[in-house]
Structure formats: C-alpha cells, structure tokens
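Fold and geometry: a report
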Amino acid sequence: MAEFKVTRTGQGQTKIKNVPIAVTPEGFWCCPSPVVFQKSLKTQNPLNKPKPPTSPPPKTSVQKKPVPLPVSERSVCAAASSLSKSVLSDDQQCSSGPERPPAGTSVAVDRAPRPKIETLPRKVAIEFGEPGTCDMKVVLLGKQGFCVKLSVHRDVLTEKSRFFADKLSEQSGLSCLQIDDCDDVEIYVETVGLMYCKEVKQRLMKQSVSRILRILKVAEFLGFSSCIQSCLEYLEAVPWVGEEEEEKVVSTVLRLQADGIGVNPVLKRVSSDISSVPKDTLLQIIELVLKSNEEKGRREMKSIVLKLLRENDSLPSHAGSAEICNDMIYASCRSCLDSLLSLFKQAAEPAFADKPSDHKDPIAKHIALEADNLSWLLEILINKHAADEFALIWADQQELAMLHAKLPIVSRYHVSCISGRLYVGIGRGQLLPSKDTRHLLLQTWLQPLMNDYNWLQHGCRSFDRKLVEEGIGRTILTLPLEDQQSILLSWLGSFLKTGDSCPNLQRAFEVWWKRTFVRPHVESQGNVISFSDHSSTLSKEHE
C-alpha cells in the first residue's frame with residue numbers, strides 16, 4: 001500500500017488527501033478512507049459557511065534543492081496526476097448536473113434562500129481507477145449531494161456481481177452505469193474494490209464488526225456472493241462486543257436467512273438446534289454452585305445465577321418452563337436438607353465434643369455450607385413466587401430443630417438465618433403459606449432463633465435485626481388472636497430475662513394488646529350507642 005496527495009487550489013475545487021492506493025494484478029485501484037468523503041462533502045456543500053481568506057505566508061529567499069524521486073514513487077505520482085486530471089473534468093459523467101458559476105461572476109448582495117441538498121448541482125467529489133486501462137465507468141450519486149466516479153472493468157463486475165451482470169446484459173453496449181441515492185457511497189466504493197481482490201477474507205481482517213455489516217449490506221444489494229460469504233465467515237469467527245452489537249449482527253444475519261442465504265454457522269452462536277434448553281443443564285449449573293467450596297467463586301456465581309433466573313422469569317415465554325425449574329430447585333432443597341440433618345446428627349453425638357478440631361471443623365464448615373445453599377435456593381424460590389412449599393418443608397423439620405439445641409452456637413446459627421428470611425418473606429407478602437404452616441413455623445423455629453439471636457446480631461454481617469423483628473411480628477399478627485397471645489406471652493417471658501439478646505417484638509405486642517383489650521371495649525360502646533339511637537328513633541315514631 002502507498003499513499004499520494006492531490007491538491008487543487010482553484011476556487012470551488014476539491015482537496016483530496018491521503019487516499020490509499022492498492023495495485024492489483026487486474027489493474028490500478030483505490031480504496032477510500034472515511035476521512036476522504038467527509039472532507040469532500042464539506043468542500044462540495046455550499047451550505048457550509050466559507051472561511052475567511054487567510055493571507056499567504058511571506059516569501060523567503062531560501063530555496064530548497066529538488067530531491068529526485070525513486071522509481072516506485074514516480075509511478076505513484078504519475079497515477080496521481082492522471083487521477084487529478086480526471087477529477088478536474090465533469091463532462092464524462094453519465095448525467096452531469098448544472099455547472100457552478102465561474103470565478104469572476106458577481107454575487108448579489110441580497111441573501112438568497114438556502115437551497116436544499118437534493119437540488120444542489122452534483123460535482124465529482126472523487127474519482128477512482130485509471131481510465132486508460134478500464135472499459136466502463138460507474139457513477140455513484142450519494143444522498144448527501146456529491147458523486148463518485150469509478151473507472152472499472154466490465155468483465156470483473158459481471159463475474160463478481162449479479163446486479164452488474166443483469167444490468168450490463170440488458171444493454172450490452174453500455175459504457176457508463178449510474179446508481180442513484182446511495183446510502184453509503186464510501187462502502188459502495190470499497191465493495192467494488194473488493195471485486196478486484198482474490199482473497200476477500202484477508203482484506204476484511206482488522207475491520208470492525210459495524211463496518212463489515214455495512215459491507216455485507218452493499219454486497220447483498222450488488223449480489224456479490226463471494227464477499228457475502230467472506231463477511232459471514234468473518235462474523236462467525238470474530239467476537240461480538242456488547243449486546244447492541246450482537247443484536248445488530250443477529251438481525252442482519254436473520255434478514256439474509258429470510259432471503260435464502262445460508263447463515264447457520266453464524267446463528268449457532270446464539271441459538272441451538274435443540275428447541276428448548278434441557279432441564280439437566282440447569283440442574284447441572286445449580287449442582288456445581290451448590291457443591292463448590294471456594295467462597296469467592298460461590299458468592300459471585302450465586303449472585304449471577306440469581307440475577308439471570310430473575311430475568312428469565314420476567315419473560316412471558318418462560319412461563320411454561322417455570323414449573324419444571326421449580327421442581328429441580330425443590331429437589332436440590334431436599335438434598336441439602338437431608339445432608340444438613342445428617343451433619344446435625346453427627347455433631348449432636350456426645351462423643352463429638354471430645355474429638356480433635358481437625359475432625360470437628362470440616363463438619364462445622366459443611367453445616368455452614370449447606371445452610372448457605374438452602375438460603376440461596378430459598379431466595380430463588382421467593383423471586384419466582386414459589387416459596388410456599390419451602391415454608392411447609394422447613395416448618396416440618398422438628399427433628400432438625402430438636403438437634404439444634406445440642407450443637408454449639410457457632411455451628412448452628414446459620415440455620416436460624418433461614419428461619420429469619422422466611423419470617424421476613426411472610427411479613428412482606430413474598431410468600432403466602434397457610435395459617436397452619438405459619439403457626440407451625442413459629443412453633444418450630446422461633447425459639448431456636450431467639451436462642452441464637454445474640455450471636456446473629458454480633459457474628460453475622462448479613463443479619464438485619466430490624467428487618468427480622470418486623471417480619472416475626474407481622475407473621476405472628478397474621479394468626480388468630482388466641483395464637484397471637486400464646487406466642488407473644490412466651491416471647492415476653494424470654495424478653496424480660498434476656499433483654500437485647502431476644503428479638504424486640506414490642507410493636508407486635510402493642511397491636512395484640514389493642515386487639516385484645518381496646519377493640520372489644522370500643523365495639524361494645526359502639527353497639528350501645530347504636531342501640532340507644534335505634535330505641536329513641538322507635539319511640540319518636542310511636543308518638
């Protein structure tokens with residue numbers, strides 16, 4: 001690749017800079033850069049305000065000695081010279097627009113209405129190719145008000161492009177073909193230039209995905225099948241950065257597929273031949289996360305999977321597979337519960353306390369791991385509005401609750417976090433278990449939670465005291481008044497003994513108090529007033 005410069009200093013003429021030259025076995029060709037068209041457009045558009053003339057630099061007496069050019073540079077300059085000459089003339093266009101006024105024409109002082117771009121005279125902004133070695137021309141008229149002339153070879157275009165082959169077969173003697181209203185003149189020029197390349201895929205290397213999509217669009221219009229195939233191979237191999245770029249690629253490729261062009265290799269990146277994702281794959285992901293022992297990896301992947309499942313549940317098309325997913329999650333819950341119960345039994349044995357720490361520590365870590373797994377699975381079910389069954393399963397774990405008191409608090413407090421999350425969920429309306437389930441849940445797990453409460457406040461970072469206390473109180477207040485009284489009086493005895501080491505349920509206690517002692521009195525007073533008013537009304541009517 002080489003570069004040349006063409007400078008035109010006449011009034012109303014175009015400056016062309018930095019146009020890369022590619023010499024192919026078929027002949028001379030230029031591939032433009034975006035800067036060329038942008039500069040040409042600014043120069044040709046009369047709507048732009050003219051810059052004030054700058055004074056010429058002062059002449060100096062120092063003269064530079066001419067330096068002889070190498071042979072390769074002379075040939076490039078010769079090509080540039082022929083290119084410059086072709087740019088200066090507009091009479092070779094297929095349909096030339098009206099000429100601009102000469103330089104000496106006087107301009108009226110009154111400001112004329114600004115012309116529209118569509119009505120502007122079209123001038124050759126830039127020309128590519130070497131007219132001496134070519135046998136036809138292609139003129140591209142851009143929507144921005146400028147045109148580009150290409151000197152091309154008829155046999156190359158008819159061989160590579162169905163569009164040109166059809167047009168030239170209709171008029172065999174046609175020497176100039178004009179394409180109007182080109183959306184992307186720059187890419188049209190580059191695509192025609194690619195017809196002269198034997199290895200199109202190599203020429204597309206290091207291009208951006210967005211530019212390849214532009215080339216693909218033009219190649220489809222021109223029926224340039226080898227370029228379309230090279231673009232698809234490029235898109236199949238290159239990474240797509242960001243969701244927006246992926247959507248652009250997929251939409252473009254799907255449009256090509258609708259036109260009967262084979263695009264399966266590209267679409268395989270985003271779609272599978274299997275109509276639905278097998279449930280075994282999701283189950284495998286969940287099991288991998290549940291069995292992981294690496295704390296940082298577990299924490300990050302739990303957060304990611306939870307977020308992705310939440311996004312899936314928000315899709316209307318996901319409703320049919322939600323039930324299958326819930327069954328898999330509950331199967332994992334039961335597996336974790338069985339493992340947790342087995343670990344509690346081992347840790348509750350009388351001889352367990354006398355064993356060395358290297359035997360006790362792995363069991364304590366495994367208990368924390370299984371409790372954390374259950375908390376994560378519960379969070380998934382709550383997000384899916386399917387945690388009612390979990391509340392019933394957890395309320396039925398009487399054996400686990402009995403073993404809870406036999407374990408050291410440092411090993412068991414993780415289990416109380418599960419109970420606390422259920423109370424918070426019920427208090428917020430995130431799950432709606434039956435009255436019997438709510439009552440059983442409080443009977444089974446409220447006392448173990450109160451036993452661990454002091455440790456939870458000071459030894460568990462994720463524990464939110466106010467949130468849990470509000471959840472417990474609201475759960476109690478959903479029960480019949482007699483059950484509220486039984487549970488709150490039991491809590492009152494514990495609270496008066498331990499103080500801050502027990503959940504503060506004073507708000508729930510106040511509500512229960514008003515329901516028990518104030519409301520009956522208010523209702524009875526209301527009935528008396530209502531009865532007396534009714535009696536006085538009857539007596540007046542009798543009179």
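Here is a short report on the structure shown in this document. The written sequence of each chain sets the order in which its residues are numbered from 1. Per-residue local features are limited, in this predicted model, to residues with pLDDT of at least 70; the limit for side-chain atom pairs, both in listing and counting, is 80 or more; totals at the level of whole chains, interfaces and linings are taken over all residues. Derived side-chain values reflect all non-hydrogen atoms in the structure, with water molecules and hydrogen atoms excluded from consideration.

A few words now on the packing of helix α18 (residues 435-451) against helix α20 (residues 465-477). The contact between α18 and α20 brings their axes to 13 Å, and the two run at 150°. For the element pair α18 / α20, the angle class is roughly antiparallel. For the pair α18 and α20, the sense of crossing is left-handed. Each of Leu442, Leu446 and Leu449 in α18 lies in contact with α20, whose residues at this interface are Val468, Ile472, Thr475 and Ile476. Gly is placed with the polar residues, together with every amino acid not listed as nonpolar (Ala, Val, Leu, Ile, Met, Phe, Trp, Tyr, Cys and Pro) or charged (Asp, Glu, Lys and Arg). Its residues placed into classes, the contact of α18 with α20 shows six nonpolar, one polar and no charged. With axes taken as lines fitted to C-alpha atoms, and helix axes fitted only over the stretch in contact, angles between N-to-C directions fall between 0 and 180 degrees. Where helices and strands are cited, they refer to DSSP runs of H or I of at least four residues and of E of at least two residues respectively, numbered from the N terminus. Relative orientations are named as follows: roughly parallel for angles under 35 degrees, roughly antiparallel for angles over 145 degrees, roughly perpendicular for angles from 65 to 115 degrees, and oblique for any other angle. Left-handed is the label given to a crossing in which the near helix is rotated counterclockwise from the far helix by less than a right angle, and right-handed is the label when the rotation is clockwise. Contacts are assigned to residue pairs that have any heavy atoms within 4.5 Å of one another.

With that settled, consider the pairing of strand β6 (residues 147-152). Type-normalised accessible area, obtained with a 1.4 Å probe on protein chains alone, sets the label of each residue: buried when under 20%, exposed when over 50%, and partly exposed for intermediate values. Here β6 lies mainly inside the structure; six of its six residues are buried. Alternating residues of β6 divide into Cys147, Lys149 and Ser151 and Val148, Leu150 and Val152, and every residue in both groups is buried. Think of it this way: DSSP has to see at least two bridges between two strands before they count as a pair. In this sheet, β6 lies alongside strand β5 (residues 136-142) in antiparallel orientation, the contact comprising six bridges. Among the inter-strand pairings, Val139 is bridged to a residue of β6, identified as Lys149.

On to the packing of aromatic side chains. Two aromatic rings, drawn from Phe, Tyr or Trp (for Trp, its six-membered ring), form a pair once their centres lie within 6.5 Å of each other, and the interplanar angle then sorts them: stacked below 30 degrees, edge-to-face above 60, tilted otherwise. One pass over the full model with this rule turns up 13 aromatic pairs. Measuring from ring centre to ring centre gives 6.5 Å for Phe390 and Trp394, while their planes differ by 15°; the resulting arrangement is stacked. Placement of the pair is Phe390 and Trp394 together in helix α15 (residues 388-395), with a separation of four residues, close to one helical turn. Since its relative accessible area comes to 1%, Phe390 is described here as buried. On the basis of an interplanar angle of 15° and a centroid distance of 4.6 Å, the ring pair of Trp394 and Trp445 is categorised as stacked. Taken together, the residues Trp394 in helix α15 and Trp445 in helix α18 connect sequence positions 51 residues apart. When sorted by exposure, Trp394 lands in the same class as Trp445, which is buried.

Looking now at the packing of helix α17 (residues 409-427) against α18. Here α17 crosses α18 at 140°, and the two axes come no closer than 9 Å. Considering the angle they form, α17 stands oblique to α18. When you trace α17 past α18, the crossing you get is left-handed. Taking contact as the criterion, the partners of Ile409, Arg412, Val415, Ser416, Ser419, Leu422, Tyr423 and Ile426 in α17 are, on α18, Arg438, Leu441, Leu442, Trp445, Leu446, Pro448, Leu449 and Asn451. Counted by class, the contact of α17 with α18 contains 11 nonpolar, three polar and two charged residues.

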